[in-house]
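Structure at a glance
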Amino acid sequence: MIIRSKAPLRLGLAGGGTDVSPYCDEYGGAVLNATINMYAYCSIEPTKDNRIEFIAPDRNESFTDISSTCIEIDNSLLLHKGIYNRIVKDFNKGKPLSFRMTTYADAPAGSGLGSSSTMVVAILKAYMEWLNLPLGDYDLASLAYEIERKDLNLSGGKQDQYAATFGGFNFIEFFNENRAIVNPLRIKNWIKNEVENSLILHYTGVSRESATIIDDQIKNTQAKAEKSLEGMHELKLLATEMKNAFLKGDFDELAGCLNKSWESKKKMSLSISNPMINDIYAFIMDNGGKAAKISGAGGGGFMMIICDPKERYSLVEKLNKRKGKVILPQFTERGAQAWTLR
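Anyway, here's the lowdown on the structure attached to this text.

1. Quick look at the packing of aromatic side chains
In total, this model carries 17 aromatic pairs according to the counting rule given. Taking the centre distance of 6.0 Å and the plane angle of 50° together, the rings of Y39 and Y41 count as tilted. Note on Y39: relative accessible area 11%, which makes it buried. Pairing Y138 with F166 gives two aromatic rings, centres 5.0 Å apart and planes at 70°, and the pair type is edge-to-face. Of the two residues, Y138 is situated in helix α4 (residues 137–151) and F166 in helix α5 (residues 159–166); the sequence distance between them amounts to 28 residues. Owing to a relative accessible area of 37%, Y138 belongs among the partly exposed residues under this scheme. Cluster of aromatic residues (ring-pair linked, three or more members): F54, F63, Y84, F99, Y127 and W130. Sitting over the ring of Y39, K6 keeps its end group 4.3 Å from the ring centre. Cation over ring: R322 sits above F283, and NZ or CZ is 4.4 Å from the ring centre.

2. A closer look at the sheet that holds strand β9 (residues 289–294)
Sheet strands pair via backbone hydrogen bonds, and the direction of the pair is either parallel or antiparallel. Ordered by their spatial adjacency, 4 strands build an open sheet running β9-β10-β8-β11, and the pairing between neighbours is antiparallel. With one partner strand each, in any of the chains shown, β9 and β11 (325–327) form the two edges of the open sheet. Taken pair by pair, the neighbouring strands of this sheet meet at an average axis angle of 25°, ignoring direction. With 3 bridges connecting them, strand β8 (residues 199–203) and β11 associate as antiparallel partners. Residue pairing across strands places Y203 opposite K325, the latter belonging to β11. Across the sheet, helix α9 (residues 251–265) is in contact with β9 and β10 (302–307); its angle to β9 comes to roughly 40°.

3. Digging into the pairing of strand β5 (residues 99–105)
Here β5 shows a buried face lined by F99, M101, T103 and A105 and an unburied face lined by R100, T102 and Y104. The sheet contact formed by strand β2 (residues 29–46) and β5 spans 7 bridges and is antiparallel. Looking across to β5, one finds that I44 is bridged to M101.

4. A word on unusual backbone geometry
Excluding glycine, most residues fall at negative phi; most peptide bonds, likewise, are trans. Geometrically, the link from S21 to P22 is a cis peptide bond, its omega value of 10° lying close to zero. For N50, which is not a glycine, the phi torsion comes out positive at approximately 55°. Take N50: it is sitting in the loop between β2 and β3 (51–56). A residue is classified by how much of its surface remains accessible, and N50, at 52% relative accessible area, is exposed. Unlike most non-glycine residues, N153 shows phi in positive territory, near 60°. Along the polypeptide, N153 turns up in the loop between α4 and α5. Given a relative accessible area of 64%, N153 falls into the exposed group.

5. Digging into α5
The element α5 is largely enclosed, with a buried count of 7 among its 8 residues. Turning to α5, its buried residues number three or more, namely Q159, D160, Q161, Y162, A163, A164 and T165. For α5, the secondary structure elements touched by its buried residues are β1 (2–14), β2, α3 (115–131), α4, β6 (169–174) and β7 (180–184). G167 sits one or two residues past α5 and shows a positive phi near 75°.

Reading the values: the criteria
- Residues numbered from 1 in each chain as written.
- Predicted model: local features only at pLDDT ≥ 70, side-chain atom pairs only at ≥ 80, totals over all residues.
- Heavy atoms only, no water.
- Phe/Tyr/Trp six-rings, centres within 6.5 Å; stacked < 30°, edge-to-face > 60°.
- Buried < 20%, exposed > 50% of the residue type's maximum accessible area, 1.4 Å probe, protein only.
- Helix = DSSP H or I, 4+ residues; strand = E, 2+ residues; numbered from the N terminus.
- Lys NZ or Arg CZ within 6 Å of the ring centre and 35° of its normal.
- Pairing = 2+ DSSP bridges.
- Axes fitted to C-alpha atoms, helices over the stretch in contact; angles between N-to-C directions.
- Contact = heavy atoms within 4.5 Å.

Laid out in structure tokens, this is it:
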């Protein structure tokens, strides 16, 4: 028997950062995101040799040990270990499991597409399929958040877990006590097609550690730093404005919101942009781009670009001559999925 799962990565379209505590606890957060045809994958092969094996070929990491009720957490594959510990404790009556797990993702950690949290969702979804766990979508997303942010004490927000679990276009609201409301958006097909034909992802070639930027954002919120709070308030409003632009098919407004979001996002922390990112942004806008911003916490990863579809081929050709990688993503409606091969 083999259990497999996959969960989609997401584009943070607007509002990213307002899903991070303590901002969302005190002011309420709002994020607009959409999942794309890039995934985190997990396979579980149950064994009878009383061993646990984690293999992550995309990270060139692996871990093997005797089955136990709790694995010691260190910096190697800590997500895999933290998830295992919670599953055994809460859902397997403290009994060790014996299996081989293989995971990989279509984007590296630090890409700004939510790959780490999406991997947590994919792994949990595989355990759900294997152990027949009665968890709904909100349960799954909340559990993924708890494991990352509380069990493992990793800095970050809440949007990625919900995007990967639910899939599609979502306007997600965040409140205190870790409450979230996912509002699925019914975007007309012609609007999705037009945005897809206008969309470019450019990997800057630099993976970044989002925790450093998020920790800076948290400190600014706690200190009531005026500029940082102003930027986050603006981002929350822009999430609503961009949602309305998507629903109406107002592409000029959509591009305008994306550019405004980038300017507001940079107010949150000095680490969000840098000379390399500024140079890429200027190049894009000088060569047919209508709007662009870094996806995710900032500092590197993927830059999301909106352009006139007539200009897309030319802009892609020019970007391909620079350092980095170009991807032309498509939107996907399905969230995390799992299945069993017998």
